[in-house]
Amino acid sequence: MLSATLKQLAEVVGGELRGDPELQISRVFPIDLAQEGDITFITHPKYFSKLESCRASAVILAPGIDAPGRNLLICANPYLAFAKILTFLQGPAPTGKGILTGAWVADSAVLDETVTVHPGAVVGENVTIGPGTVLHPGVVIYADVIIGRNCLLHAGAIVREGCRLADRVILQPSAIIGADGFGFAPDGSSYYKIPQVGIVVLEDDVEIGACSCVDRAVLGETHIRRGTKLDNLVQIGHNVEIGEDTIVVAQSGIAGSTKIGRHCTFGGQSAVAGHLNVGDNVTIGARGGASSNVASDQVVSGVPLLPHKQWLKMTMSLPKVPEMRKELQQLKKRLAELEALIQED
Amino acid sequence: MLSATLKQLAEVVGGELRGDPELQISRVFPIDLAQEGDITFITHPKYFSKLESCRASAVILAPGIDAPGRNLLICANPYLAFAKILTFLQGPAPTGKGILTGAWVADSAVLDETVTVHPGAVVGENVTIGPGTVLHPGVVIYADVIIGRNCLLHAGAIVREGCRLADRVILQPSAIIGADGFGFAPDGSSYYKIPQVGIVVLEDDVEIGACSCVDRAVLGETHIRRGTKLDNLVQIGHNVEIGEDTIVVAQSGIAGSTKIGRHCTFGGQSAVAGHLNVGDNVTIGARGGASSNVASDQVVSGVPLLPHKQWLKMTMSLPKVPEMRKELQQLKKRLAELEALIQED
Amino acid sequence: MLSATLKQLAEVVGGELRGDPELQISRVFPIDLAQEGDITFITHPKYFSKLESCRASAVILAPGIDAPGRNLLICANPYLAFAKILTFLQGPAPTGKGILTGAWVADSAVLDETVTVHPGAVVGENVTIGPGTVLHPGVVIYADVIIGRNCLLHAGAIVREGCRLADRVILQPSAIIGADGFGFAPDGSSYYKIPQVGIVVLEDDVEIGACSCVDRAVLGETHIRRGTKLDNLVQIGHNVEIGEDTIVVAQSGIAGSTKIGRHCTFGGQSAVAGHLNVGDNVTIGARGGASSNVASDQVVSGVPLLPHKQWLKMTMSLPKVPEMRKELQQLKKRLAELEALIQED
């Protein structure tokens, strides 16, 4: 990690500096654990009480709070400022090292000279890779793939034939781009494999988690738009389209041909069935499952999906069902008795 | 892709040709997007209305429909015909290239000369591989594995010691065959690892999805029979047996020692507990979970499994439970009032 | 596999020998399939009836049962004895082979001479690896990783920068240690990536399943303590802590910053939300989901978690809800009629 003055950091985050501009900071660290030389951050007023015993040399705070005698960076979004300072202190990305010994690159591949290909990485025929992109050991790029600039492909990431990655795409270890979609035509007794001849397109700033799979289209494209982030072990079926800045948490699955809008959030282990439309700004809670279209601007949970608050109410009431059954039987009995009594009259 | 005459394609699919037998076709494409030179397909009457504006040069149709003035292939199963034409237009599989530079093959391994081993693939001691099989970069075959003919192992697929793959088996990227089953003997405080000394057998035409795991048996075999297809991120526990032509959709899990029949379908994120029997022709809906045996010839969903229609009815009624609780309380109150009134008399 | 006398095996398991001490045993096998020369085991009295037709030469039994005329090993824990004999008959671990041709090890890495690095494995700068550890083909160790003694890293396992593995850690194929945690700061429109600069620590005897992912901490450590075992396709979020001897079955997910105690068991496809505490000796049933803290010493299931027996009762009663709705309507109608009747009087 680098070291920086508080003044430099104020410039990095566009924040207001209060205190010593020449203070040296070498680490961002949580408020409970920060030491001298660290900057820490308070993202919620409930943590403000921890400030008193905090040993950090500086603190990132939201406007409207003060901490007299402290070195402060006042930022509209302290969490974002924390992230930006963390990035800055990591220093610039390492310079490209070229094709290292032990890497295998096809003669027909065109790699910018600032690309780094580590030992054990393999690049196929007619691949194009832009400036600053890094391929870690064990990365495999099949033929005819196009990769943009400043992408980071971690070990074991695989990109199959013809797929396209734009700029600043990150593949975590063993992310699988362009495996065959799951398509078979029943022939009466067995399943006949439908060749999956489409591709996957990942736009700028997309990140795909470890062991997540984005299947190639049967025809055409599976397409993930700018800024969308997939966590680990996520399954994206063939011909799916996902809009910009959407978040898919770990172990979720989107089935084939479904279209997802922008600024959506899918909780962990959630799912969307195939051939559906999900609008923009939709949040599906953890383990939620969409079995029909979902309109924009909703927070929904459960199977079938309900407005989140209604779902919460429902899940809280379900454990009462056994007792409700008993009560219902008792009511029936009492009512029958009453009916008998009335009829006797 | 190749090009073919409509007459050739009619022979490929065994369909009836109506129109110009010499028409050149170079692509299959969906009805909305097809251009001149393409053949398209209609798999459901509801899409028939799209035919009028379709620009494709030829159309695959089911018998009983006509489209005067169009070049047609009349096929009993248009979806299957589409798949077969797509396969045909891809051309024959590439010729075997042998062991390429950058691949590591043990001296004791016996590979047919038509095998292709790409750079970065590793083949262990005493492995046998049949004609036409392709190992992409990063494939690892442990010792004593036997692989048949015309198998396709994508990058990062791993087959551990002693496992057997028959003919035409496809492993998608990072499919893991023969990892240790999850077996531990509690010794009172910790867990003692039970060596998993069995193997995995994959019969002809089995396909395993990306990042799917088929664990080796503790003793004996984990066995997947002919034609069964696993989607991505599927977990198959040790000593599981799966019958022929069964479909397991993404992110499903079958726990150890369970036996599954033939022609079953498991929806996405479904599960079967361990040591169970599931019959033939069973369909378990997405997210369904079997916690006891399942008899043949059923369509079931939910946890516990219910007949699918009953499950649908149930899931639709559960959101009413909070309201039912209120109604129940009101009924109790009204009944108590009535009882009091009667007793007063 | 080795061969051993019954006397040797009695010493291995600390059991009481009845019968021929010089009997040669070369295999452990299940009671239904065992042949002459095999030892088998009975772990539950319900299998005792199978003993009569069993062809095994010797049997592992719990105390208090006898089988006259049979060669027996009487052991307090027959299942543990089975596991120990299976281990013994496998023979000792193979001797270290050093860095094999086709492996890539950075000059600055320090590997004990008894380490084995297979072809296609890559070891980065400043890595330290202890005696007896084996790296299979395709394993990738990033810079600054520390690995202890007698670890076993299967093909495709990846350990990212700075992570630490203690002794006897097992990584199944494509286990991913230290991928970036899923952390992004919303900047109002897009997501800004928060660098994940922490590490993962795996203590002694931890085992991580195939394609399971343990994410690195954003700051500090993701930490899994001694003896804990993860099955395949498990997701462990950043900054999670898991105590000793905990079991996590396949396809489960633990979200970020959650703390799990010791001796817990998580059933298949279960989940724990982020920033929670789960105590010691907690069992969460398959598909269970914790959305709030869980106190120690409980067996719980469902979403929200309920005591397991209550959950079972609930799930059995839910299919009755559609019928309950009808009954409720009928009761309302009958009650209204009765009320009308009374009022008429």
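Quick caveat: nothing in here was measured; it's all calculated off a predicted structure.

Enquirer: Run through the overall build of chain A, naming residues and quoting values.
Expert: Scanning chain A from terminus to terminus reveals four helices and 40 strands. What you see for chain A is a C-alpha radius of gyration of 27 Å, clearly larger than the 20 Å of a compact globule of 345 residues, by over 25%. Intrachain contacts of chain A at a sequence separation of at least 6 include 20% that bridge at least 24 residues.

Enquirer: Any chance you could break down helix α1 (residues 6-13) of chain A for me, citing the residues and the numbers?
Expert: Residues and elements named next belong to chain A. Among all positions of α1, only Leu 6, Leu 9, Ala 10 and Val 13 are buried. Buried residues of α1, viewed axially, fall in a sector of 105°; they line one side. Residue Gly 14 follows α1 closely and has a positive phi angle near 65°.

Enquirer: Can you explain the relation of the copies chain A and chain B? Please cite residues and give values.
Expert: For the pair of chain copies, the relating transformation is a rotation about an axis with a translation along it. Rotating chain A by 120° and moving it 0.0 Å along the rotation axis overlays it on chain B with an RMSD of 0.1 Å. Given the turn and translation reported, the copies of this chain are related as if by a three-fold rotation axis.

Enquirer: Break down the interface of chain C and chain A for me, citing the residues and quoting the values.
Expert: In many reports, interface size means the accessible area that the parts give up when they come together. With 52 residues of chain C at the interface, the matching set in chain A holds 49 residues. Those elements that provide at least two residues to the side of chain C that touches chain A are β22 (184-186), β23 (191-193), α3 (308-317) and α4 (321-344) of chain C. By residue number, the principal contributor to the side of chain C that touches chain A is α4 of chain C, which donates nine residues. The residue inventory of the side of chain C that touches chain A, partitioned by class, reads 33 nonpolar, twelve polar and seven charged.

Enquirer: Go over the interface of chain A and chain B, please, and point to the residues and values.
Expert: Listed per partner, the contact involves 52 residues of chain A and 49 residues of chain B. Those elements that place two or more of their residues in the side of chain A that touches chain B are β22 (184-186), β23 (191-193), α3 (308-317) and α4 (321-344) of chain A. A per-element tally of the side of chain A that touches chain B places α4 of chain A first, with nine residues.

Enquirer: Would you mind going over helix α4 (residues 321-344) of chain B in detail, with residue names and values included?
Expert: A rise of 1.5 Å per residue sets the reference length of α4 of chain B, with its 24 residues, at 34 Å; its end C-alpha atoms lie 34 Å apart and thus fit the reference within 8%. Taken residue by residue, α4 of chain B has Val 321, Met 324 and Leu 331 of chain B as its buried positions.

Enquirer: Tell me about the packing of helix α1 (residues 6-13) of chain C against helix α2 (residues 78-89) of chain C, residues and numbers included.
Expert: Residues and elements named next belong to chain C. Their axes nearest at 9 Å, the elements α1 and α2 cross at an angle of 120°. It follows that α1 is oblique to α2 by the angle criterion. Read as a crossing pair, α1 and α2 show a hand that is right-handed. Counted together, Leu 9, Val 12 and Val 13 of α1 and Ala 81, Lys 84, Ile 85 and Phe 88 of α2 form the full contact between these two elements. Considered class by class, the residues forming the contact of α1 with α2 number six nonpolar, no polar and one charged.

Enquirer: Any chance you could break down the pairing of strand β24 (residues 199-202) of chain B for me, citing the residues and the numbers?
Expert: All names here are of chain B. Taking every second residue as pointing to the same face, both faces of β24 are buried, with Ile 199 and Val 201 on one and Val 200 and Leu 202 on the other. Taken together, the two bridges between strand β19 (residues 164-165) and β24 define a ladder with parallel strand orientation. By the bridge assignment, Leu 165 is partnered in β24 with Leu 202. Pairing geometry for β24 and strand β27 (residues 221-224), over four bridges, is parallel.

Enquirer: Could you give me a rundown of the confidence of the model for chain A, with the residues and numbers involved?
Expert: Low-pLDDT stretches of the model should not have their predicted coordinates read in fine detail. On average, chain A scores 95 in pLDDT, and the residues at 70 or more come to 99%. What the predictor reports for the complex is a pTM of 0.97 with an ipTM of 0.96.

Enquirer: Explain the nonpolar core residue by residue, including any values.
Expert: Core analysis: the largest hydrophobic core is formed by 320 residues, its most contacted members being Ile 177 of chain A, Ile 177 of chain B together with Ile 177 of chain C. Apart from residues no more than four positions distant in its own chain, Ile 177 of chain C is found in contact with Ile 158, Val 159, Arg 160, Cys 163, Leu 171, Val 200, Leu 202, Ile 208 and Val 214 of chain C. Counting nine residues, the second largest nonpolar core, distinct from the first, contains Met 324 of chain A, Leu 318 of chain B together with Leu 318 and Val 321 of chain C.

Enquirer: Provide a residue-level description of the packing of α4 of chain A against α3 of chain C, including the pertinent values.
Expert: Interaxial distance between α4 of chain A and α3 of chain C falls to 8 Å at its minimum, and their mutual angle equals 60°. Judged by the angle between their axes, α4 of chain A and α3 of chain C are oblique. In this structure, α4 of chain A uses Val 321, Pro 322 and Arg 325 of chain A to contact α3 of chain C, whose residues at the interface are Lys 313, Met 314 and Ser 317 of chain C. When its residues are assigned to classes, the contact of α4 of chain A with α3 of chain C shows three nonpolar, one polar and two charged.

Enquirer: How would you summarise the sheet that holds strand β30 (residues 241-242) of chain A if you had to cite specific residues and measurements?
Expert: Residues and elements named next belong to chain A. Taken in spatial order, the nine strands line up as β10-β13-β16-β19-β24-β27-β30-β33-β36 in an open sheet, and their pairing is parallel. Both edges of this open sheet fall to β10 (110-111) and β36 (277-278), since each of them pairs with a single strand only. Bridge analysis of strand β16 (residues 146-147) against strand β19 (residues 164-165) gives two bridges, and the strand direction is parallel. Of the residues in β19, the one forming a bridge with Ile 147 is Leu 165.

Enquirer: Requested: an account of the environment of Ile 176 of chain A, with residues and values cited.
Expert: As for its position among the elements, Ile 176 of chain A is in strand β21 (residues 176-177). A C-alpha to C-alpha distance of 26 Å links Ile 176 of chain A and Glu 113 of chain A, two positions 63 residues apart in sequence. For Ile 176 of chain A, the residues in contact, after removing those within four places along its chain, are Ile 158 and Cys 213 of chain A together with Pro 173, Ser 174, Ala 210 and Cys 211 of chain B.

Enquirer: I'd like a description of unusual backbone geometry, backed by residues and values.
Expert: Pro 304 of chain B follows Val 303 of chain B through a cis peptide bond whose omega is -5°. Along the chain, Pro 304 of chain B falls in the loop between β39 (298-301) and β40 (306-307). The phi angle at His 275 of chain C is positive, at roughly 60°, despite the residue not being glycine. Positionally, His 275 of chain C belongs in the loop between β35 (271-272) and β36 (277-278).

What counts and how
Residues numbered from 1 in each chain as written. Chains lettered and ligands numbered in written order. Predicted model: local features only at pLDDT ≥ 70, side-chain atom pairs only at ≥ 80, totals over all residues. Helix = DSSP H or I, 4+ residues; strand = E, 2+ residues; numbered from the N terminus. Rg over C-alpha atoms; globule rule 2.2 N^0.38 Å. Contact = placed C-beta atoms within 7 Å. Buried ≥ 20, exposed ≤ 12 C-beta atoms within 10 Å, placed from the backbone. Arc of directions from axis to C-beta. Least-squares fit on C-alpha atoms with pLDDT ≥ 70 in both. Nonpolar A, V, L, I, M, F, W, Y, C, P; charged D, E, K, R; others polar. Expected span 1.5 Å × (residues − 1). Axes fitted to C-alpha atoms, helices over the stretch in contact; angles between N-to-C directions. Parallel < 35°, antiparallel > 145°, perpendicular 65-115°, else oblique. Left-handed = near helix turned anticlockwise from the far one by under 90°. Pairing = 2+ DSSP bridges. pLDDT = per-residue confidence, 0-100. Core = buried A, V, L, I, M, F, W, Y, C linked by C-beta atoms within 7 Å.

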